[in-house]
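Chain by chain, the residues:
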Amino acid sequence: MEKIKATARELLIARGASGLSLREVAREMDQTSSALYRYFPTRDDLLTALILDAYNDLGATAEAAAATVDTEDTAQRWRVTCHAIRRWALDRPAEYALIFGSPVPQYSAPQDTIAAASRVTLVLGTILSDHFASRPRTTSHDPRLEAALEWEALEPFLPGVPREIAVRGILAWSNVFGFLSFELFGHFVGSVRDADVVFDMLLDNLATMVELSDS
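The model shown is predicted, which means the values in this text are computed figures rather than measured ones. (Residues numbered from 1 in each chain as written. Predicted model: local features only at pLDDT ≥ 70, side-chain atom pairs only at ≥ 80, totals over all residues. Heavy atoms only, no water.)

1. Here we look at the environment of Ala115
Test applied: The helix count covers DSSP runs of H or I at least four residues long, the strand count covers runs of E at least two residues long, and both are numbered beginning at the N terminus.
Turning to its location among the elements, Ala115 is positioned in helix H7 (residues 114–133). Each C-alpha atom, one on Ala115 and one on Val192, is 35 Å from the other, the two residues being 77 residues apart in sequence.

Take a look at the structure:
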């Protein structure tokens, strides 16, 4: 199974997820398609395995990075974790594209990918939760927020985080991954010369927005 997935990852790099098929993987391995079916009955089963691996590897990377910094230093945990996420994306662009790029035609991810997909989000949410657990904050209530977000789904990721900050946290999360998508898919060509500097500036601005930093 690992050899099949490794071959499929090589094909992702060369051709993208939309062109992936068990027939192509079998040809690369000098096997018949039927030899692969007992491991992955369909292309979708193989895609799901690759997606689970990518999400879990990214989640483990974020968890390991966050664990290198003292729990109380939430601003530094934020920066270190986001840098680790970016490094993972730059090192594994095909897998990043698989989970954060365009949907694969005629593929619908099953429910069992949700837990793996949530790991990296949980790391960033935990940083915010830890920050506000030791720094109580009162915030004005904005009635628009009640209808704007799926609070029942979000609150397990952001326990104790004021709702105004929770919204900013979602904006920060989407800004980080939006930056990575622009960087990996070539949208900064002609406008950004040093992406390292710009990414650091983004993290500083987002840390201020979610009140991890006073600057």
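2. Quick word on the environment of Ile114
Within the secondary structure, Ile114 is located in helix H7. Put simply, Ile114 and Gly19 are 95 residues apart on the chain and 24 Å apart in space, counted from C-alpha to C-alpha.

3. A look at the packing of aromatic side chains
To be explicit about the condition: Aromatic rings from Phe, Tyr and Trp, taking only the six-membered ring of Trp, are treated as a pair when their centres fall within 6.5 Å; an angle between ring planes under 30 degrees marks them as stacked, one over 60 as edge-to-face, and anything in between as tilted. Relative accessible area decides the class of each residue, using a 1.4 Å probe on protein chains only: under 20% of the type maximum gives buried, over 50% gives exposed, and in between gives partly exposed. We call a charge positioned above a ring when the Lys NZ or Arg CZ atom is no farther than 6 Å from the ring centre and deviates by at most 35 degrees from the ring normal.
In this structure the tally under the stated criterion is eight aromatic pairs. Where Tyr96 meets Phe100, the ring centres are 5.0 Å apart and the plane angle is 40°; that geometry is what we call tilted. Taken together, the residues Tyr96 and Phe100, both in helix H6 (residues 93–100) and four residues apart, mark about one turn of the helix. Residue classification places Tyr96 among the buried residues on the basis of a relative accessible area of 1%. Ring geometry for Phe179 versus Phe199: centroids 5.1 Å apart, planes at 50°, classification tilted. In this pair, Phe179 sits in helix H10 (residues 163–184) while Phe199 sits in helix H11 (residues 195–209), placing the two residues 20 residues apart along the sequence. Pair check on accessibility: Phe179 and Phe199 agree, each one buried. Through successive ring pairs, a cluster of aromatic residues spans Tyr55, Tyr96, Phe100, Trp173, Phe177 and Phe185. Taking NZ or CZ as reference, Arg86 lies 5.1 Å from the ring centre of Phe199, over its face. Residue placement shows Arg163 over the ring face of Trp151; its charged tip is 4.3 Å from the ring centre.

4. Notes on the nonpolar core
Selection rule: Residues belong to a common nonpolar core when they are buried Ala, Val, Leu, Ile, Met, Phe, Trp, Tyr or Cys residues joined through side-chain atoms within 4.5 Å. Residue contacts follow a heavy-atom distance rule, with two residues in contact if any of their heavy atoms lie within 4.5 Å.
Counting 60 residues, the largest nonpolar core has Leu20, Val25, Leu46, Trp78, Val176 and Leu180 as the members making the most contacts within it. The set of elements that each furnish at least two residues to this core consists of helix H1 (2–15), helix H2 (22–28), helix H4 (43–66), helix H5 (74–91), H6, H7, H10 and H11. Tallying contributions element by element places H4 first for this core, with ten residues. When sequence neighbours within four positions are dropped, the list of residues in contact with Leu20 reads Ala8, Leu11, Leu12, Val25, Arg43, Leu46, Leu47 and Leu50.

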